[in-house]
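# Notes for the structure review
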Amino acid sequence: MDYSNEPPHSPLLDIQEKRPFNAEPSAAALVEFPLTPEDLVYCRNHGPVREFDDTYQLTVKTDKNEDIKFSVSQLTTLFPKAQIVAVLQCAGLRRNEMGLVKPVHGVAWRDGVTANCKWGGVRLCDLLKYSGVQEAHHVCFSSYATLCQDEEYYGASIPWEKAIREDEDVLIAYEMNDEPLSPDHGAPLRVVVPGYLGARWVKWIDSILISDEESPNYYQQRDYKILPPSVETKAAAKSLWSKYPSMTALSLNSVIAYVQRSSNSIFVKGYGIPGPTGNITAVELTTDSGATWHSSRIIYREGKWSWTLWEAELFGVGEGGTVHSRAIDALGNVQPREGLWNLRGVAFNGWGVGHW
Ligand SMILES: Nc1nc2c(c(=O)[nH]1)N[C@H]1C(S)=C(S)[C@@H](COP(=O)(O)O)O[C@H]1N2
Ligand SMILES: [Mo]
């Protein structure tokens, strides 16, 4: 694959892999901003990043066999712009922590592969209605424009219900934080699927297909699935991928970004990510492995899909110790103590952890 024409990447990220470019900021840097500035947004790629000019087109494939093509300027003039704050997160967030339990396969992501941004673009439901497509079970997104490691193109799909409901806020985005998307984050067009893992937020999207089947793409069918803990090798996984569902919603999560000690207290700050059952209502902290819990102050949360920033000062703590966090959502669901080990190291959401 040709990596020679990549645009420059943000110098503020820690590089995990150069080719493809995979890099993340520190969680401590992230939590200083309610909306993540572009140069702190992690980059997750399965192939080269490319730049496109204004001949770029998005094709909607209808069941009438008539492809409808849209240029970016047609999309911006035909449809009203929707703006949604939503947290983007890679399913591999905290994979390094899961790897301490037992080795896992994948980039050893820490807790920086998440970004809370304001996305601007066309509502997918508006685009589908305009295109006159017939209802089917899935909406498949593809980027044939960029090559990938495991398959020629990148693809993903989401259920029809998620795609067509206006209050699910799925976008074909052309803006991030009120600026045009950058090449690293999918310019000129990317999918934004609030609440779902980043793997479904297809960058450089150039095709939409309505289908009764999920996307057949590698990244939908043979990756981004939670295999049972008994599957410990790639060979054992091979025949099992098709038996397990593709991941959709993110898991309820919280992360301690840093702990600062002063004379007799600690200051703790972090973020939380909503799970499938509503946004976070509280993040609690414990310094005695869960015997007693202290509340934290929520300092930022916005709408249904954003992350939560929180902080707390805990007094009367000893010389050194460990603090854990757990998030609680609108339905009273609580982040679990342990994350479930799985071969690909996805969806890790055990209690957040910090030391002083
Ligand atoms: N075309 C394409 N889209 C893609 C990917 C990719 O490799 N190619 N990676 C996916 C994954 S796994 C994630 S987590 C997000 C990352 O988006 P970002 O690089 O803007 O942070 O993009 C998704 N969309
Ligand atoms: Mo990802």
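Definitions and cut-offs
- Residues numbered from 1 in each chain as written.
- Chains lettered and ligands numbered in written order.
- Predicted model: local features only at pLDDT ≥ 70, side-chain atom pairs only at ≥ 80, totals over all residues.
- Heavy atoms only, no water.
- Helix = DSSP H or I, 4+ residues; strand = E, 2+ residues; numbered from the N terminus.
- Rg over C-alpha atoms; globule rule 2.2 N^0.38 Å.
- Buried < 20%, exposed > 50% of the residue type's maximum accessible area, 1.4 Å probe, protein only.
- Contact = heavy atoms within 4.5 Å.
- Areas by Shrake-Rupley, 256 points an atom, 1.4 Å probe, with all protein chains shown as cover.
- Pairing = 2+ DSSP bridges.
- Domains from an automatic or database assignment.
- Buried area = accessible area lost by both parts, 1.4 Å probe.
- Near = heavy atom within 4 Å.
- Polar contact = N/O pair within 3.5 Å; in protein donor to acceptor, adjacent residues only side chain to side chain.
- Nonpolar A, V, L, I, M, F, W, Y, C, P; charged D, E, K, R; others polar.
- Core = buried A, V, L, I, M, F, W, Y, C linked by side-chain atoms within 4.5 Å.
- Disulfide = S-S within 2.5 Å.
- Axes fitted to C-alpha atoms, helices over the stretch in contact; angles between N-to-C directions.
- UniProt positions renumbered as here; feature names shortened; annotations may be inferred.

### A few points about the overall build of the chain
The helix and strand inventory of the chain stands at seven helices and 20 strands. A globule of 356 residues ought to have a C-alpha radius of gyration of about 21 Å, and the chain, at 20 Å, matches this closely. Referenced to the eigenvectors of the C-alpha coordinate spread, the extents of the chain come out at roughly 70 × 45 × 45 Å. When burial is assessed residue by residue, the chain has 56% of its 356 residues classed as buried. Expressed as a percentage of contacts within the chain between residues at least 6 apart in sequence, the contacts between residues at least 24 apart total 70%. Within the structure as shown, the chain displays about 15,100 Å² of accessible surface, and the carbon and sulfur contribution to it stands at 50%.

### Considerations on the pairing of strand S12 (residues 207-211)
Across the five residues that make up S12, a large majority, four, are buried. Pairing between strand S3 (residues 57-61) and S12: three bridges, direction parallel. Across the sheet, the residue bridging to threonine 59 is serine 207, located in S12. Of the pairings in the sheet, the one linking strand S7 (residues 138-143) to S12 comprises five bridges and is antiparallel in character. By the bridge assignment for S12, cysteine 140 is matched with leucine 209.

### Quick look at the domain arrangement of the chain
By a widely used convention, the size of an interface equals the accessible area lost when the partners come together. The domain boundaries assigned to the chain delineate domain 1 (14-235) and domain 2 (253-355). Relative to domain 2, the C-alpha centre of domain 1 lies at a distance of 27 Å. Each partner contributes residues to the interface: domain 1 has 45 residues there, and domain 2 has 33 residues. Buried surface at the junction of domain 1 and domain 2, both sides included, amounts to about 3,300 Å², of which 64% is carbon and sulfur.

### A look at the site of ligand 1
In the vicinity of ligand 1, 20 residues are found, and the nearest of them are Tyr42, His46, His185, Arg190 and Lys203. One of the side-chain N or O atoms of histidine 185 is found 2.7 Å from an oxygen atom in ligand 1. Take tryptophan 201: an N or O atom from its main chain is 3.1 Å from a nitrogen atom of ligand 1. Protein chains bury 99% of the 530 Å² of accessible surface belonging to ligand 1 in isolation. Its residues assigned to classes, the shell around ligand 1 shows ten nonpolar, six polar and four charged.

### Structural notes on the nonpolar core
In this structure, Trp119, Leu124, Leu127, Leu128, Val139 and Ile208 are the most contacted members of the largest nonpolar core, which totals 80 residues. Counting residues per element, this core draws most heavily on strand S5 (residues 82-89), which supplies six residues. Taken domain by domain, this core gets at least three of its residues from each of domain 1 (14-235) and domain 2 (253-355). Here valine 139 is in contact with Leu124, Leu128, Ala156, Ser157, Ile158, Trp160, Ala163, Ile208, Leu209 and Ile210, once residues within four sequence places are set aside.

### Let's talk about unusual backbone geometry
At the junction of arginine 19 and proline 20, the peptide bond is cis and its omega measures out at -5° in the coordinates. Relative to the elements of secondary structure, proline 20 occurs in the loop between strand S1 (14-17) and strand S2 (22-24). In this model, alanine 187 is joined to proline 188 through a cis peptide bond whose omega is 5°. Inspection of the secondary structure puts proline 188 in the loop between strand S10 (179-180) and strand S11 (190-192). Although it is not a glycine, asparagine 177 adopts a positive phi angle of roughly 50°. In this structure, asparagine 177 sits in the loop between strand S9 (171-176) and S10.

### Observations regarding the state of the cysteines
This model, assessed by the stated rule, comprises zero disulfides. Here cysteine 125 stays unpaired: no disulfide links it, and the sulfur of cysteine 140, its closest cysteine neighbor, is 18 Å away. As a non-bridged cysteine, cysteine 148 has cysteine 90 as the owner of its nearest cysteine sulfur, 14 Å distant.

### Overview of the sheet that holds S3
The strands making up a sheet are joined through hydrogen bonds of the backbone, oriented either antiparallel or parallel. An order of S4-S3-S12-S7-S8 is seen for the five strands of this open sheet, with the pairing classed as mixed. Here the strands that pair on one side only, and so sit at the sheet edges, are strand S4 (67-71) and strand S8 (154-159). When strand polarity is set aside, the average angle formed by the axes of neighbouring strands in this sheet is 20°.

### Concerning the UniProt feature "domain: Oxidoreductase molybdopterin-binding" (unreviewed entry) in the chain
According to UniProt, the feature "domain: Oxidoreductase molybdopterin-binding" (unreviewed entry) maps to residues 46-219 in the numbering used here. Helix and strand shares over residues 46-219 are 17% and 32% respectively, and the end C-alpha atoms of the span are 10 Å apart.

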